[in-house]
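Here is how the chains run, residue by residue.
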Amino acid sequence: MRSLQKHIILLLFGVSSLSVLCRPPTVDDVLHELAAETMHIHSVYDSIDRKLRQAMYSVNVKMNNASTVEQKVELLFQKDKLEGKIRENEQSRATELSKIRYIKGLQIINILYEKTLALDHHFASVSTFRDLNNLSNPNHYAEFISVKQNLLQQKRKKEGFNLSELLGNNVYTSVIHSFVSLFTSEGSSRIQKEQQLQQVECILDFTLMMHQDLNTIYFETIFLQKSNEAIMEELQQLFFDYTKPVQYKKSLAECRNTDDWGTIRNYLQEYLESLQSLQEDPENQRKAHRMQVNLHFPIDRLLQFITKYNAFIDQGEKFYEKFAIMLNSYENEALCSQQIPAEFQQLKQGIQIAIEKFNTAYKPVEINGSKMKEILYGINEYE
């Protein structure tokens with residue numbers, strides 16, 4: 001039995017597993033590995049169980065045919081010994097399944113952390129959406145500023161008024177004041193006024209039509225960024241709870257930054273060796289059971305977190321699809337293409353890239369019923 005367990009330890013903690021911990025594959029890869037290794041563990045322990053039960057059947061047959069008390073006593077000893085080996089085999093199976101589920105869960109935590117970090121970087125780069133204020137405010141366009149300055153010089157000396165700096169930077173009051181000044185200025189002819197209006201008509205149309213939509217995109221992006229920060233905080237707490245049973249003290253960020261996944265592996269191995277020692281002592285069965293529960297509970301928490309992560313990614317994708325619809329709703333884009341800033345097209349392209357990333361790099365973790373059973377209970381429905 002000991003040699004079998006050493007073989008499985010090498011299987012689970014070999015070079016390939018170490019490389020996975022250091023450089024995690026996709027979640028789907030981890031789940032496929034979990035299914036394959038779960039199947040292997042069941043196969044090994046099922047083979048041992050069959051041999052033990054065959055031996056038990058043989059002992060039972062001999063007991064039925066035994067003619068002396070000495071023979072029956074000897075066979076009872078053999079039966080008791082076999083029953084102990086069957087229990088030990090099942091305990092070892094449960095330990096190995098807990099081990100592989102724990103390791104794969106740790107890999108999934110690592111992958112999800114990389115995803116949330118990537119999302120945080122994405123939202124941080126998109127937080128240049130403060131520049132959206134420039135896109136949606138005509139006061140940041142050179143043509144509009146030029147017309148305003150001309151109108152200021154041409155206005156009637158005794159009529160009209162100048163806006164304060166506060167209202168002058170406001171989209172709506174600035175546009176209204178400019179229109180009023182255009183129609184009341186006396187230093188230019190009707191044709192000149194029409195020419196001045198033509199210089200800024202696309203800018204005014206674009207900024208007034210898209211101002212509210214661009215503001216919505218900005219504030220909802222900030223909302224998504226805050227939601228991602230909450231997801232990251234919850235994941236860090238999950239990691240703390242996940243590694244607490246094996247007495248690992250570092251935070252998720254520290255573990256990642258120092259590439260300390262191998263230390264958790266070593267702590268886990270020590271934990272399972274202590275668990276096995278307790279299982280072999282009839283007086284410590286309750287303590288051994290508690291240790292198994294402590295190892296199992298964080299895996300439940302991981303599945304709960306995956307549900308929240310998936311909901312957040314689905315929400316983010318829907319938000320960005322809405323952003324794309326809003327940006328594509330500007331009807332005069334073709335007519336005003338020469339005056340609309342290039343940043344608007346870059347924004348639209350960035351939104352499309354983000355939608356693709358929500359379907360690829362950030363996509364939800366696919367945990368169906370059978371995969372959930374594998375993670376929770378070590379049950380493989382394709383055995």
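Refer to the structure above for everything that follows.
Thresholds, definitions, all that
Residues numbered from 1 in each chain as written. Predicted model: local features only at pLDDT ≥ 70, side-chain atom pairs only at ≥ 80, totals over all residues. Heavy atoms only, no water. Disulfide = S-S within 2.5 Å. Helix = DSSP H or I, 4+ residues; strand = E, 2+ residues; numbered from the N terminus. Buried < 20%, exposed > 50% of the residue type's maximum accessible area, 1.4 Å probe, protein only. Expected span 1.5 Å × (residues − 1). Arc of directions from axis to C-beta. Contact = heavy atoms within 4.5 Å.

Caption draft 1: Up close: the state of the cysteines. For the structure shown, the criterion picks out one disulfide. Here C202 is linked by a disulfide to C336, with a sulfur-sulfur distance of 2.1 Å. Handedness here is read from the sign of the S-S torsion; for C202 and C336, about -75°, the answer is left-handed. Here C336 lies in the loop between α12 (285-327) and α13 (342-359) and C202 lies in helix α9 (residues 190-243), a separation of 134 residues in the sequence. Across the pair, exposure class does not vary: C202 and C336 are buried alike.

Caption draft 2: Looking closely at α13. Between its terminal C-alpha atoms α13 stretches 26 Å, which fits the 26 Å expected from 18 residues at 1.5 Å a residue. Where α13 is concerned, the buried positions are F344, L347, K348, I351, A354, I355 and F358. Buried residues of α13 fall within an arc of 120° about the axis and therefore sit on the same side. When the buried face of α13 is taken as reference, the exposed residues oriented beyond 90 degrees from it are Q346 and E356.

Caption draft 3: Just unusual backbone geometry, in detail. A positive phi angle, near 70°, is found at Q247, a position not held by glycine. Residue Q247 is classed as partly exposed on the basis of its relative accessible area, which comes to 48%. The phi dihedral of D259 is positive, around 50°, even though this residue is not glycine.

Caption draft 4: Representation of the environment of M291. Mapped onto the secondary structure, M291 falls in helix α12. With a relative accessible area of 12%, M291 lands in the buried category. A sequence separation of 19 residues divides M291 from L272, and the C-alpha atoms of the two residues are 8.8 Å apart. The contact partners of M291, leaving out residues within four places of it in the chain, are Y271, S274, L275 and L278.

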